[in-house]
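# Notes for the structure review
Each chain is listed here by its residues.
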Amino acid sequence: AVVSRSHVLFTAMKLMDRVVRTYGRHRSGKAHGESARRFYTVSVGFTDEVGHGLGPTLEFYTLVCHNLQVKGMGLWRGDTEAW
């Protein structure tokens, strides 16, 4: 997936939604007793930057984690700025 640095959280939500939809589609077609375990690989590259693979993918997840820690999103106890 090619993502923009300015829309990291939005892109992360879209990627996870795509994985859930794909997983649900594969799971619904499973025969009785067949394993429902699937592994998905996500490879990320940034818009207007050269490179993709493990490095940019790890950077993407790091940026997502940093953005989730920002106050004002209402995700953390005592974070009343979002209310």
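Above: the structure in question.
Overview of the structure.

### Let's talk about the overall build of the chain
A count of helical and extended segments in the chain gives 2 helices and 2 strands. Shown N-terminal to C-terminal, the secondary structure of the chain runs as helices and strands in the order β-α-β-α. Expressed as a percentage of its 83 residues, the buried residues of the chain come to 17%. Taking all contacts inside the chain whose residues are at least 6 apart in sequence as the whole, residues at least 24 apart take part in 42%. In the structure as shown, the chain presents an accessible area of about 6700 Å², 58% of it carried by carbon and sulfur atoms.

### Some words on the pattern of salt bridges
Counting across every chain of the model gives 3 salt bridges. The closest approach of N and O atoms between Glu 49 and Arg 5, which form a salt bridge, is 2.7 Å. Of this pair, Glu 49 sits in the loop between strand 2 (45–46) and helix 2 (54–68) while Arg 5 is found in the loop between strand 1 (2–3) and helix 1 (8–28), placing the two residues 44 residues apart along the sequence. Residue class for Glu 49 comes out partly exposed when judged on its relative accessible area of 38%. The class for Arg 5 is partly exposed, based on a relative accessible area of 37%. Among the charged side chains, a network of salt bridges with common partners joins Arg 5, Glu 49 and Glu 59.

### Some words on the packing of aromatic side chains
Inspection of every chain in the model, using the stated rule, returns 1 aromatic pair. Between the NZ or CZ atom of Arg 5 and the centre of the ring of Phe 46, over which it lies, the distance is 4.0 Å.

The rules behind the values
- Residues numbered from 1 in each chain as written.
- Predicted model: local features only at pLDDT ≥ 70, side-chain atom pairs only at ≥ 80, totals over all residues.
- Heavy atoms only, no water.
- Helix = DSSP H or I, 4+ residues; strand = E, 2+ residues; numbered from the N terminus.
- Buried < 20%, exposed > 50% of the residue type's maximum accessible area, 1.4 Å probe, protein only.
- Contact = heavy atoms within 4.5 Å.
- Areas by Shrake-Rupley, 256 points an atom, 1.4 Å probe, with all protein chains shown as cover.
- Salt bridge = Lys/Arg side-chain N within 4 Å of Asp/Glu carboxyl O.
- Phe/Tyr/Trp six-rings, centres within 6.5 Å; stacked < 30°, edge-to-face > 60°.
- Lys NZ or Arg CZ within 6 Å of the ring centre and 35° of its normal.

The values are spatial; any link to function lies outside them.
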